[in-house]
Amino acid sequence: MIEFVEYPDRDLMMLDVADKLAAELSEHLLHEDRVSFCVPGGTTPGPVFDVLSAQHLDWGRVSVFLSDERWVPESSDRSNTRLLKERLLVSQAAAATFVPLVSEATTPEEGIAQLSDGLAQHLPITVLLLGMGSDMHTASLFPGADKLAEAMDPHAPLLMPMRAAGAPEPRVTLTAPFLSAAISTHILIAGAEKREALERAQHLTPDAAPVRAVLPGATVHWAP
């Protein structure tokens, strides 16, 4: 069962989602020593990050990490890490602990063990924000990707390398069981094409629509 929230425009959606995320993080900080905040890459969540970065909460007790990352250097325009550091981990949120999903290793396979060890101590995910592609992928769980079946398996490791026809670079992604274990999940989408994709996803198998792995209990935010 998902909760679907519709907004009249994208600006209002971004503001409202940022407020909801900040409120949830603050609520969990009342009861926990530390909380974790997992976020997507890409340009869509940028306005949410801009608002969140200025929120007055105890960012020093928040661990922030990406749901997936392209295996490119931080200097690349394709780097989600770069976007995160420019849009979220500034102002008040500069005090947060950033947990990387990419290293200087040549390939994801070479670096993934060390990255997994670094990330494991920040689990489970307290608050998860995800996007969804029109192909119904989320994080780097792409339909047809080389290791999709392994990454969707309930016994999958925390992180997996992923390569897909629609993804120019190798990726590293959190796997389905760890994403779906988040305490609170929000999915941010916009436009008629993605709304239709979301509706189709609910009637498809997870291998055809990987976003299904995180839909149960999620709140989906949509604007035209």
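Here's what I pulled together on the structure shown here.

Parameters at a glance
Residues numbered from 1 in each chain as written. Predicted model: local features only at pLDDT ≥ 70, side-chain atom pairs only at ≥ 80, totals over all residues. Heavy atoms only, no water. Buried < 20%, exposed > 50% of the residue type's maximum accessible area, 1.4 Å probe, protein only. Helix = DSSP H or I, 4+ residues; strand = E, 2+ residues; numbered from the N terminus. Pairing = 2+ DSSP bridges. Contact = heavy atoms within 4.5 Å. Axes fitted to C-alpha atoms, helices over the stretch in contact; angles between N-to-C directions.

1. Considering the pairing of strand β7 (residues 159–162)
Part 1 of the reasoning: Residues of β7 alternate between two faces, with Leu159 and Pro161 on one and Met160 and Met162 on the opposite face, all of them buried.
Part 2 of the reasoning: Relative to strand β8 (residues 171–174), β7 runs antiparallel, the two sharing four bridges. Following the sheet pairing, Leu159 is matched in β8 by Leu174.

2. A look at the side chain of Ser140
Part 1 of the reasoning: Note on placement: Ser140 falls in the loop between β6 (127–130) and α5 (148–152).
Part 2 of the reasoning: Looking at Ser140, the relative accessible area reads 0%, which means it is buried.
Part 3 of the reasoning: Setting aside chain neighbours within four positions, we find Ser140 in contact with Asp68, Met162, Arg171 and Thr173.

3. Describing the sheet that holds strand β3 (residues 62–66)
Part 1 of the reasoning: Reading across from one edge, β1-β10-β9-β6-β2-β3-β5 is the order of the seven strands in this open sheet, with parallel pairing throughout. Two strands lie at the open edges of the sheet, namely β1 (3–6) and β5 (97–98), each paired on one side alone.
Part 2 of the reasoning: Across four bridges, the pairing between β1 and strand β10 (residues 219–223) is parallel. Residue pairing across strands places Glu3 opposite Thr219, the latter belonging to β10.
Part 3 of the reasoning: The strands that helix α3 (residues 80–87) touches are β2 (35–39), β3 and β5; relative to β3, the one it contacts most, it runs at about 140°.
Part 4 of the reasoning: Its contacts with the sheet place helix α7 (residues 192–201) against β1, β9 (184–190) and β10, and it is angled at close to 135° to β9.

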